[in-house]
Amino acid sequence: MPGTVLTITSGKGGVGKTTATANIAAALAHMGKKVVCVDADIGLRNLDLILGLENRIVYDLVDVVEGRCRLRQALIRDKRLPDLFLIPSAQTRDKTAVSPTDMVRLCNELRQEFDWILIDSPAGIERGFRNAIAPADMVVVVTNPEVSAVRDADRIIGLIEAEEKGPARLLLNRLNPQMVRSGNMLDADDVLELLAIDLLGIVPEDESVVVSANRGMPVALDEKSRAGQAFRNIARRLEGEDVPLVTLEDTSGLLQRLGRLFGRGD
Amino acid sequence: MAEAAPKIDIKGIREGLLVSIGDGASWETAEAALLNAIGKQADFFNGARVALDVGARPLKAAQLGKLRDRLSDFGITLWAVISESPKTQETARSLGLEIHLSKPRPGRVVKPLEARAEGEEALMVRRTLRSGMRVTFPGHVIVLGNVNAGAEIIAGGDIIVWGRLKGVAHAGASGNTAAVVCALDLSPTQLRIADLIATAPPRRGNPTPEIASVKDGQVVAESWHGK
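So, how was this worked out
Residues numbered from 1 in each chain as written. Chains lettered and ligands numbered in written order. Predicted model: local features only at pLDDT ≥ 70, side-chain atom pairs only at ≥ 80, totals over all residues. Helix = DSSP H or I, 4+ residues; strand = E, 2+ residues; numbered from the N terminus. Rg over C-alpha atoms; globule rule 2.2 N^0.38 Å. Buried ≥ 20, exposed ≤ 12 C-beta atoms within 10 Å, placed from the backbone. Contact = placed C-beta atoms within 7 Å. Axes fitted to C-alpha atoms, helices over the stretch in contact; angles between N-to-C directions. Left-handed = near helix turned anticlockwise from the far one by under 90°. Nonpolar A, V, L, I, M, F, W, Y, C, P; charged D, E, K, R; others polar. Pairing = 2+ DSSP bridges. Right-handed = clockwise from strand over helix to strand, strands pointing away. pLDDT = per-residue confidence, 0-100.

**Concerning the overall build of chain A**
Now for step 1: What chain A contains, in helices and strands, is 13 helices and eight strands.
Now for step 2: For a compact globule of 266 residues, the expected C-alpha radius of gyration is about 18 Å, and chain A comes in at 19 Å, within 12% of that figure.
Now for step 3: Referenced to the eigenvectors of the C-alpha coordinate spread, the extents of chain A come out at roughly 70 × 40 × 35 Å.
Now for step 4: Counting over 266 residues, chain A shows a buried share of 52%.
Now for step 5: At a minimum sequence separation of 6, the contacts of chain A that also span at least 24 residues come to 75%.

**Remarks on the packing of helix H7 (residues 147-162) of chain A against helix H9 (residues 188-195) of chain A**
Two measures define how a pair of helices packs: the angle their axes make with one another and the distance between the axes.
All names here are of chain A.
Now for step 1: Between H7 and H9, the least distance of the axes is 10 Å, while the angle of their chain directions is 35 degrees. For the pair H7 and H9, the sense of crossing is right-handed. Along the contact surface, H7 presents Val-150, Ala-153, Asp-154 and Ile-157, while H9 presents Val-191, Leu-194 and Leu-195.
Now for step 2: Of the residues that constitute the contact of H7 with H9, the class distribution is six nonpolar, no polar and one charged.

**A closer look at the pairing of strand E7 (residues 169-175) of chain A**
All names here are of chain A.
Now for step 1: The element E7 is extensively covered by neighbouring structure, given that six of its seven residues are classed as buried.
Now for step 2: Here four bridges tie strand E6 (residues 138-143) to E7, and the two strands are oriented parallel to one another. Looking across to E7, one finds that Thr-143 is bridged to Leu-172.
Now for step 3: A crossover connection joins E6 to the parallel E7 through H7; in handedness this β-α-β unit is right-handed.
Now for step 4: In the sheet, E7 pairs with strand E8 (residues 198-204) via six bridges, with the strands oriented parallel. Bridge pairing in E8 links Leu-171 to Gly-201.

**Digging into the interface of chain A and chain B**
Now for step 1: Residue-level contacts link 15 residues of chain A with 17 residues of chain B.
Now for step 2: Per element, the largest residue contribution to the side of chain A that touches chain B is six residues, and it comes from H7 of chain A.

**Some details on the confidence of the model for chain B**
Residue and element names in this part refer to chain B.
Now for step 1: Summing up the model confidence of chain B, the mean pLDDT is 86 and the portion of residues at 70 or higher is 90%.
Now for step 2: Of all secondary-structure elements in chain B, the lowest mean pLDDT belongs to helix H2 (residues 42-45), at 83, while strand E9 (residues 159-165) reaches the highest, 97.
Now for step 3: Across residues 107-111, confidence stays below pLDDT 50; counting only partners more than four residues off in sequence or on other chains, it has three contacts.
Now for step 4: Interface confidence for the predicted complex, given as ipTM, is 0.79, next to a pTM of 0.74.

Here's what the structure looks like:
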């Protein structure tokens with residue numbers, strides 16, 4: 001069975017596309033699926049850092065596209081997860097080095113060998129974004145519960161629909177349950193009402209994400225991390241499992257739960 | 001049975017190059033002829049900004065999107081698609097392409113539209129308009145869906161949104177102060193009727209259907225009670 005190409009995009013920068021790509025890939029590989037991530041952010045490459053593989057880059061995506069190496073030579077295999085591979089981006093070039101057709105051709109080759117091909121899209125709506133969605137079978141839009149991120153997500157969803165790659169699915173990242181409770185942050189329902197697409201998953205704000213990134217270790221491999229758990233659930237949903245969403249209530253402490261039982265309001 | 005290849009005409013204009021595809025042949029033949037012509041002069045086209053006249057052909061997003069990609073392989077930026085077909089115009093707009101050759105000058109916020117609406121022509125939009133989408137029409141515009149913040153409607157006549165209006169709505173854009181804007185939830189970023197501009201105050205409580213119109217030289221919104 002040929003593999004599925006999943007593009008992770010957002011419009012807005014800094015909402016967590018690269019983190020999501022790395023962690024969903026790690027979670028899928030942990031489940032035994034053969035996964036390759038492709039960093040389509042030419043000129044501003046980050047995926048290699050998040051996966052902790054930057055020291056092993058010899059060839060990159062632009063080398064493959066321009067024929068300086070074979071596809072196999074650009075694949076970096078993760079030593080922790082033998083089913084996880086990376087095709088890194090080029091840091092010294094820019095988005096015009098690759099075209100949408102190049103991406104489609106590359107992914108057609110990758111489909112033969114991998115169950116999942118995850119494409120980390122750059123921010124924006126121009127060439128880099130178009131490169132990233134050209135080969136997509138499925139698109140995930142990442143956003144934060146914050147007005148400018150949601151506005152950009154709406155724009156990008158419209159563009160995805162226009163390119164007939166929809167319907168996209170939503171990954172709501174960095175939700176802070178305390179801020180939602182105190183009325184200082186949009187909740188999932190607010191965001192879904194605005195964007196009107198299906199929800200793939202919610203990843204809560206979690207310090208362990210930053211810690212893991214600095215260590216080059218995907219947080220999805222951290223059993224104790226709530227964000228890691230969310231990414232693992234998302235991977236399971238992508239594989240067709242029906243995994244219920246972890247509600248806000250479940251993430252609060254025992255004392256607070258007891259408080260509510262005895263009638264103490266928040 | 002081979003189709004006769006359509007004529008490909010290339011002209012230099014102020015905004016770059018205008019490439020016109022002659023009528024008659026199917027889109028597949030026309031696209032192949034176009035790419036062939038470009039391939040023969042690849043160096044000339046590399047780095048060019050191209051406006052494409054496709055004649056009366058109705059084109060879907062997948063077709064235009066694919067062509068744009070192929071053109072970008074040659075280093076060509078497709079910035080406009082000119083066509084008499086409303087379907088192609090709509091497709092081009094949704095892909096962020098211009099449909100006119102000369103861009104309107106910025107500066108004056110309100111410009112008169114060429115409103116030649118025969119009778120009471122209305123454009124029906126059966127979808128939610130997402131941020132960045134724009135609908136322009138000389139007559140009335142009716143939207144069956146929401147108009148998200150960042151979306152715009154510019155109508156020579158009235159604007160009716162059967163949903164939430166959160167974007168920008170400009171009714172009576174050709175100077176008609178009798179135009180109205182109605183919505184089930186009237187919460188626009190900005191509302192314009194003719195050359196008057198207004199913003200909505202923050203909403204208190206649940207939204208109810210409202211109608212905005214010009215009264216005594218001001219834009220006022222009132223609850224819709226039915227007439």
